[in-house]
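Structural overview
Take a look at the letters that make up each chain.
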Amino acid sequence: MNSDKWIRNFVDGAFVDPESGSSFECIDPATGRAHASVHEADEALVDRAVQAARRALDGGWADSPVRERAALLRRAADRIEERFEEFVAAEVADTGKPITQARELDVARAVANFRAFADIVAAAGQESFMTDLPGGRQALNYAIRKPLGVVAVIVPWNLPLLLLTWKVAPALACGNAVVVKPSEETPSTATLLAEILDEVGLPAGAYNVVHGFGGNSAGEFLTAHPGIDGVTFTGSSATGSRVMQAVAPRVRPVSFELGGKNAAVVFDDVDLDEAIAGLTRSVFANTGQVCLCTERVYIQRAIFDDIASGLVASAEQLKLGNPQDPATTTGPLISHAHRRKVLDYFALAEEAGAKVLTGGGVPDVGADLRGGSWIEPTLWTGLTNTDRAVREEIFGPVAALIPFDTEEEAIALANDTEYGLAAAVWTNDLRRGHRVAGRMNVGISWVNTWFTRELRSPFGGAGLSGVGREGGEASLHFYTEPTNVCVQL
Ligand code: NAD
Ligand code: 6OD
């Protein structure tokens, strides 16, 4: 063990350790060195967390006034801002992501998530309907929204705090108690958040963190627990399917935000520089490890070479290196295991006839970082929609560039996938932009932008990309159970 730092579970308002004494190492992907050890929750500790959550609900949290919950969320946002650099450091250590990104995206968005859902819950109304009855009488229907209950929150490693708070903020806003299972790769910020929520006065048991892996570990212990009332999960489609099976016997509601194989469609009327800058972000942000990243770029034939050469130039300008350097743009992949998966796709693409325009291998990032899971930003031509590297999610800094001739062809190519998460349309013809964006079979379809987020809008995916939506009212719906009261007047 290279580090004395221990990351602990948080149950019933206190940091606790499991009886089993089992633990695992937390690796800094930039160096490959362990930076902390994590206590792995056993089944008994997960059970204690679920029971503590139930007690918090029954003890009054479920019935607490909305304005108090909204105020608590705002205090949490303020407190994260006060301890901003601690969160940044923790996120960088767990993920190897550039410090600039951790500041500007990950932690900033955690603050925004708490503030947004405080506002959303405070402004929420309830639907009501008058029903005409025979004889001129009427009935008044209105809905009372109660918390869903004990919510299992399972999140991945790519944007750990952003994705966690995107679920925890609305869940708490609606009066639920949560048991959080962060990714085994990135346990730190969920644990720091426990300190914050305790400091701002959240009742013991309303926020619990259990650490561990998926199968036969904390993830499965949690989803199979009879005491949970619902699961909100972000991760791969394969794991989503397993979680669905785990909750199926007790028919619990699920909200799933899963994988993507997202397309960009670039029309020949576009502003080239703007499109190249946007595509560079959408392909390479977070080293391609954002579910919304573009892995398929369809380019109208007349500008194919211009876009391809522009993208190669910008890919080659990305600065890989020390995450602590504010000039670094691109970090490593999350782990060596994930890099093996991405490199396997590199090999598969080349076997299928891909021409590698740039990248395709492992970069030399210098002696200090050589143990990290670094990979080169990569672009291919020569592949088609039938190739596995164009059909399956890779989750790395890589895209296939594919030409098209007509608008109809571009739409068909973009929609030719089992996923349905995100798309981006690049054009200077706004009528075309609206038309094509609306025909993309995805949860979010951008025009001339990427990863621009409105937290009041529904967010999620279709097909292999997920079940349900969160964001704004959609979150309020998932995290509550309505009781319709019908009164004959
Ligand atoms: P993953 O599915 O391997 O793991 C996600 C979480 O589930 C982790 O906490 C993991 O420990 C847990 N888990 C694994 N097996 C489990 C089981 N059997 N029962 C319960 N929990 C289990 O995903 P990952 O590798 O951490 O993340 C990358 C994937 O997440 C990609 O596919 C990416 O597209 C997807 N993702 C989707 C979104 C979205 O909003 N749609 C956002 C981020 C990431
Ligand atoms: O922005 C969000 O709310 C969100 N859920 C983003 C998901 C990114 C996937 O990696």
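In what follows, the accompanying structure is described. Because the structure is a prediction, the values reported are computed rather than measured. (Residues numbered from 1 in each chain as written. Chains lettered and ligands numbered in written order. Predicted model: local features only at pLDDT ≥ 70, side-chain atom pairs only at ≥ 80, totals over all residues. Heavy atoms only, no water.)

Overview of the pairing of strand β11 (residues 230–234)
Spelled out, the test is: Three labels apply to residues, based on accessible area from a 1.4 Å probe with only protein chains included: buried if under 20% of the type maximum, exposed if over 50%, partly exposed otherwise in between. Only DSSP runs of H or I covering at least 4 residues are called helices, and only runs of E covering at least 2 are called strands; the numbering of each starts at the N terminus. Strand pairing is assigned whenever DSSP detects at least two bridges linking the two strands. Seen with its strands pointing away from the viewer, a crossover is right-handed when the path leading from the first strand over the helix to the second is clockwise.
Within β11, five of the five residues are buried, which leaves it mostly tucked inside the rest of the structure. Sheet topology note: the strand β8 (residues 150–154)/β11 ladder contains four bridges and is parallel. In the sheet register, A152 faces β11, and the bridge partner there is V231. Looking at chain direction, β11 and strand β12 (residues 254–257) are connected through four bridges and run parallel. For V231, the partnering residue across the bridge sits in β12 and is V254. Handedness of the β-α-β unit built from β11, helix α8 (residues 237–247) and β12 comes out right-handed.

Some points on the side chain of H35
Note the following rule: Side-chain atoms alone can form a polar contact between residues adjacent in sequence; in general such a contact is a pair of N or O atoms within 3.5 Å, and within protein one must be able to donate a hydrogen while the other accepts it. In what follows, a contact means two residues having at least one pair of non-hydrogen atoms within 4.5 Å.
Looking at the element boundaries, H35 is found in strand β5 (residues 33–39). A polar side-chain atom of H35 sits 3.5 Å from the main-chain carbonyl oxygen of A93. In contact with H35, other than residues within four places in its own chain, are S3, K5, C26, I27, D28, A93, D94 and S188.

Description of the pattern of salt bridges
Formally: Definition used for salt bridges: Asp or Glu carboxyl oxygen within 4 Å of a side-chain nitrogen of Lys or Arg.
A full pass over the atoms with the stated rule returns 28 salt bridges. In this structure, D106 engages K97 in a salt bridge whose closest nitrogen and oxygen atoms are separated by 2.7 Å. The class for K97 is buried, based on a relative accessible area of 3%. Linked by salt bridges that have partners in common, R79, E82, R83, E86, E195 and E199 make up one network.

Some words on the sheet that holds strand β6 (residues 128–132)
The pairing of strands in a sheet happens through backbone hydrogen bonds and is either parallel or antiparallel. Quick reminder of the rule: For every element, the axis is a line fit to its C-alpha atoms; helices are fit only across the contacting stretch, and the angle between N-to-C directions ranges from 0 to 180 degrees.
Taken together, the three strands give an open sheet; going across it, the order is β6-β7-β25, and neighbouring strands pair in antiparallel fashion. Each edge of the open sheet is held by one strand with a lone partner, namely β6 and β25 (480–488). Pairs of neighbouring strands in the sheet enclose a mean axial angle of 25°, with direction left out of account. Pairing geometry for strand β7 (residues 138–147) and β25, over nine bridges, is antiparallel. Bridge pairing links N141 to C486 in β25.

Remarks on the nonpolar core
Rules: Nonpolar cores are built from buried Ala, Val, Leu, Ile, Met, Phe, Trp, Tyr and Cys residues. Side-chain atoms within 4.5 Å join them into one set. Reported domain spans reflect what an automatic or database domain assignment gives.
Counting residues in hydrophobic clusters, the biggest one holds 123 residues, and the most contacted among them are Y207, V266 and L292. In terms of residue count, the dominant contributor to this core is helix α4 (residues 99–123) (eleven residues). Two domains each put at least three residues into this core: domain 1 (6–258 + 465–488) and domain 2 (262–454). Leaving out residues up to four positions away in the same chain, Y207 has contacts with F10, L164, V168, V178, V180, A190, L193, A194, L197 and L202. Counting 29 residues, the second-largest nonpolar core is a separate cluster that includes A389, F404, A414 and A437.

Let's talk about the site of ligand 1
Put simply, the rule reads: If a single non-hydrogen atom of a residue is within 4 Å of a molecule or strand, that residue counts as near it. Every accessible area reported is derived by Shrake-Rupley at a probe size of 1.4 Å, with residue values counting cover from the shown protein chains alone.
Neighbouring residues of ligand 1: 29 residues in total, closest K181, E184, T239, L258 and E393. W157 is positioned with one of its side-chain polar atoms (N or O) 2.9 Å from an oxygen atom of ligand 1. Here K181 contributes a side-chain N or O atom positioned 2.6 Å from an oxygen atom of ligand 1. In isolation ligand 1 offers 850 Å² of accessible surface; the protein chains occlude 90% of this area. Counting residues per element, the ones that place at least two in the shell around ligand 1 are α7 (218–223), β11 and α8.

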